[in-house]
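# Coordinate analysis (summary)
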Amino acid sequence: MTIYNFAAGPATLPAAVLQEAQRDLTELPGVGMSLLEMSHRSKPVVDMIDRAEDDIRQLAGIPDNYRVLFLQGGASLQFSMVPMNLLTPNGKADHIVTGNFANLALQDAQKVGDIRVAGSTEESNFDHVPSQDELDLDPGADYVHFTGNNTIYGTEWPAEPDVGDVPLVADLSSNIFSKPIDVTKYGLIYAGAQKNLGAAGVTLVLIRDDLLERSPESLPAMLSYSVHAKGKSAHNTPPVFSIYILGLVVKWLAEQGGLEHMEHQNQGKAKVLYDELDSSEFFRGHAHSGHRSPMNVTFRLPCPELETQFAGEATAEGLVELKGHRSVGGIRASIYNAFPMEGVRVLVSFMKEFERTHG
Ligand SMILES: *Cc1c(COP(=O)(O)O)cnc(C)c1O
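### Observations regarding the overall build of the chain
Helices and strands together make up the secondary structure of the chain, namely 10 helices and 14 strands. Computed over C-alpha atoms, the radius of gyration of the chain comes to 21 Å, within 12% of the 21 Å expected from 2.2 N^0.38 for 359 residues, which places it in the range of a compact globule. With respect to the three principal axes, the spread of C-alpha positions in the chain is 65 × 55 × 30 Å. For the chain, the residues scored as buried account for 54% of the 359 residues in total. Carbon and sulfur atoms form 50% of the exposed surface of the chain, whose accessible area is close to 15,500 Å².

Given below as structure tokens:
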């Protein structure tokens, strides 16, 4: 039976990437040793990390005045590293709260410094993101933090918030490289790799050079962007294997046709699912149209019992990990870059059949 994995992260990886990693696991071609047993100071490993960085720069058009960092601690460590590094002495920052991870980012940042909520959609259970005129932005803030795609609620910002000259910081863990991106709009972007970029264990950080100067000397080395940038992500032992997988995924994205092609693919996949939600009285989508995520499609059935039954019967058919996040319930289909259109079509057939027999 073909398994279609709708997990929100760690998530489906391109089969070609897994096969290449398996083939080269015991002996990296031309080297005769496994990447897993080589020094991070050795030439093959340094070259591999440099190549991953170059490929990322090429894929996303990252300007020269941005550093590409491969860090550890997950996207979650960035919740506190961002304020530790980017808040100026006695400075303050704005956060926009559009979901569970945005809330966690806020909570950690508030432990570090003076953080204000500049907008929130919590009152409507995060079924949309704020419009520009709903934002109360402080022009004197050190930065504005927002979450580009809300993995648990299934919403995505249709465009970045306009924050004027204040540096924009984004958690793009669940939609990075799912579409073209204008990096120059951002001061800092971070993304845990295990949704759209590869395996868990590495977090991609893109940071504009001028912001590196804000990292206080007093910060412990591992928490300082400036230290990681100077060390070219190898201040200590980096997660070499996770960077390698990330590099393979980025190479795969380029081979598919790049980010414009991925956007086209992702929109196509999402449309099949959202069209089904729109044409049904039985399934109800959570996100407002216009703010719907192409990555995480969230919906409800008439009652929680039917949702449990739906997820259970789907699993038996090889459609796995459809249960919504424990904090919201319902059903969530995560269909990141590597998730195939065929799996979406199989899910929609299953939904039609389930509605016919239980509706
Ligand atoms: C999954 C996720 C996180 C948490 O990532 P970790 O790497 O597990 O820390 C943070 N933000 C968003 C938007 C996510 O989807």
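### Considerations on helix H8 (residues 258-278)
Over its 21 residues, H8 extends 30 Å from the first C-alpha to the last, a length consistent with the 30 Å expected when each residue adds 1.5 Å. The elements touched by buried residues of H8 are helix H2 (43-60), helix H7 (240-256), strand S11 (284-285), strand S12 (296-300), strand S14 (331-334) and helix H10 (341-358).

### Topic: the site of the ligand
Taken together, 13 residues form the shell around the ligand, and within it Ser76, Thr151, Asp171, Gln194 and Lys195 come nearest. At 2.4 Å from an oxygen atom of the ligand is found a side-chain nitrogen or oxygen belonging to threonine 151. At 2.6 Å, a side-chain N or O of aspartate 171 approaches a nitrogen atom of the ligand. Alone, the ligand offers 390 Å² of accessible surface; in the complex the protein occludes 86% of this. Element by element, the count of residues in the shell around the ligand is highest for helix H3 (residues 74-86), at 4 residues. Counted by class, the shell around the ligand contains 3 nonpolar, 8 polar and 2 charged residues.

### A look at the domain arrangement of the chain
Under the domain assignment, the chain is made up of domain 1 (4-13 + 258-358) and domain 2 (16-255). Distance from the C-alpha centre of domain 1 to the C-alpha centre of domain 2: 26 Å. At the interface, 30 residues of domain 1 touch 32 residues of domain 2. Buried surface at the junction of domain 1 and domain 2, summed over both partners, amounts to about 2,600 Å²; 61% is from carbon and sulfur atoms. Considering only the side of domain 1, the residues that lose the most area to domain 2 are Leu13, Leu259 and His291, jointly responsible for 28% of the buried surface there. For the pair domain 1 and domain 2, the number of links is 0 salt bridges. Counting across the domain 1 and domain 2 interface gives 15 residue pairs in polar contact (both at pLDDT 80 or more).

### Some remarks on the packing of aromatic side chains
Here the distance between the centres and the angle between the planes together describe a pair of aromatic rings. Scanning the model with the defined rule gives 15 aromatic pairs in all. Here the aromatic rings of phenylalanine 6 and phenylalanine 339 are separated by 4.5 Å at their centres, their planes lie at 40°, and the arrangement is tilted. Remark: phenylalanine 339 occurs in the loop between S14 and H10 and phenylalanine 6 occurs in the loop between strand S1 (4-5) and helix H1 (15-23); sequence separation between them is 333 residues. Across the pair, phenylalanine 339 and phenylalanine 6 agree in class, each one buried. Ring centres of phenylalanine 282 and phenylalanine 354 lie 6.2 Å apart, and the angle between their planes is 45°; on these two criteria the pair is classed as tilted. Here the residue phenylalanine 282 occupies a position in the loop between H8 and S11, and phenylalanine 354 occupies one in helix H10, the gap between them amounting to 72 residues. The exposure class of phenylalanine 354 is buried, given its relative accessible area of 2%. A connected cluster of aromatic rings, assembled from ring pairs, spans Phe282, Phe283, Phe299, Phe310, Phe350 and Phe354.

### With respect to unusual backbone geometry
Backbone geometry follows two general trends: most residues other than glycine have a negative phi, and most peptide bonds adopt the trans configuration. Backbone torsion omega between glycine 9 and proline 10 reads -10°, so that peptide bond is classified as cis. Tracing the chain through its elements places proline 10 in the loop between S1 and H1. Phi angles above zero are rare outside glycine, and glutamate 321 is one such case at about 65°. Its place among the elements puts glutamate 321 in the loop between strand S13 (319-320) and S14. Looking at glutamate 321, the relative accessible area reads 51%, which means it is exposed.

### Quick notes on the sheet that holds strand S10 (residues 203-208)
Strand pairing in a sheet takes place through backbone hydrogen bonds and is either antiparallel or parallel in direction. With respect to topology, 7 strands assemble into an open sheet ordered S2-S10-S9-S8-S5-S3-S4, the strand pairing being mixed. Strand pairing shows two members of the sheet lacking a second neighbour, strand S2 (66-71) and strand S4 (114-120), which therefore form its edges. The mean angle between the axes of side-by-side strands here comes to 20°, regardless of whether they run parallel or antiparallel. As defined by bridge partners, strand S8 (residues 168-171) adjoins strand S9 (residues 188-192) across 3 bridges and the pair is classed as parallel. For valine 169, the partnering residue across the bridge sits in S9 and is leucine 188. Contacts from helix H4 (residues 100-112) reach strand S3 (92-97), S4, strand S5 (144-147), S8 and S9 within the one sheet, and its direction differs from that of S3 by about 160°.

### Re the sheet that holds S14
With antiparallel pairing, 3 strands are arranged side by side in an open sheet as S11-S12-S14. With one partner strand each, in any of the chains shown, S11 and S14 form the two edges of the open sheet. Bridge count for S11 against S12 is 2 bridges, and the pairing is antiparallel. Following the sheet pairing, arginine 284 is matched in S12 by arginine 300. Against the sheet, H8 contacts S11, S12 and S14, and its axis sits at roughly 15° relative to S12.

Scoring rules and cut-offs
Residues numbered from 1 in each chain as written. Predicted model: local features only at pLDDT ≥ 70, side-chain atom pairs only at ≥ 80, totals over all residues. Heavy atoms only, no water. Helix = DSSP H or I, 4+ residues; strand = E, 2+ residues; numbered from the N terminus. Rg over C-alpha atoms; globule rule 2.2 N^0.38 Å. Buried < 20%, exposed > 50% of the residue type's maximum accessible area, 1.4 Å probe, protein only. Areas by Shrake-Rupley, 256 points an atom, 1.4 Å probe, with all protein chains shown as cover. Expected span 1.5 Å × (residues − 1). Contact = heavy atoms within 4.5 Å. Near = heavy atom within 4 Å. Polar contact = N/O pair within 3.5 Å; in protein donor to acceptor, adjacent residues only side chain to side chain. Nonpolar A, V, L, I, M, F, W, Y, C, P; charged D, E, K, R; others polar. Domains from an automatic or database assignment. Buried area = accessible area lost by both parts, 1.4 Å probe. Salt bridge = Lys/Arg side-chain N within 4 Å of Asp/Glu carboxyl O. Phe/Tyr/Trp six-rings, centres within 6.5 Å; stacked < 30°, edge-to-face > 60°. Pairing = 2+ DSSP bridges. Axes fitted to C-alpha atoms, helices over the stretch in contact; angles between N-to-C directions.

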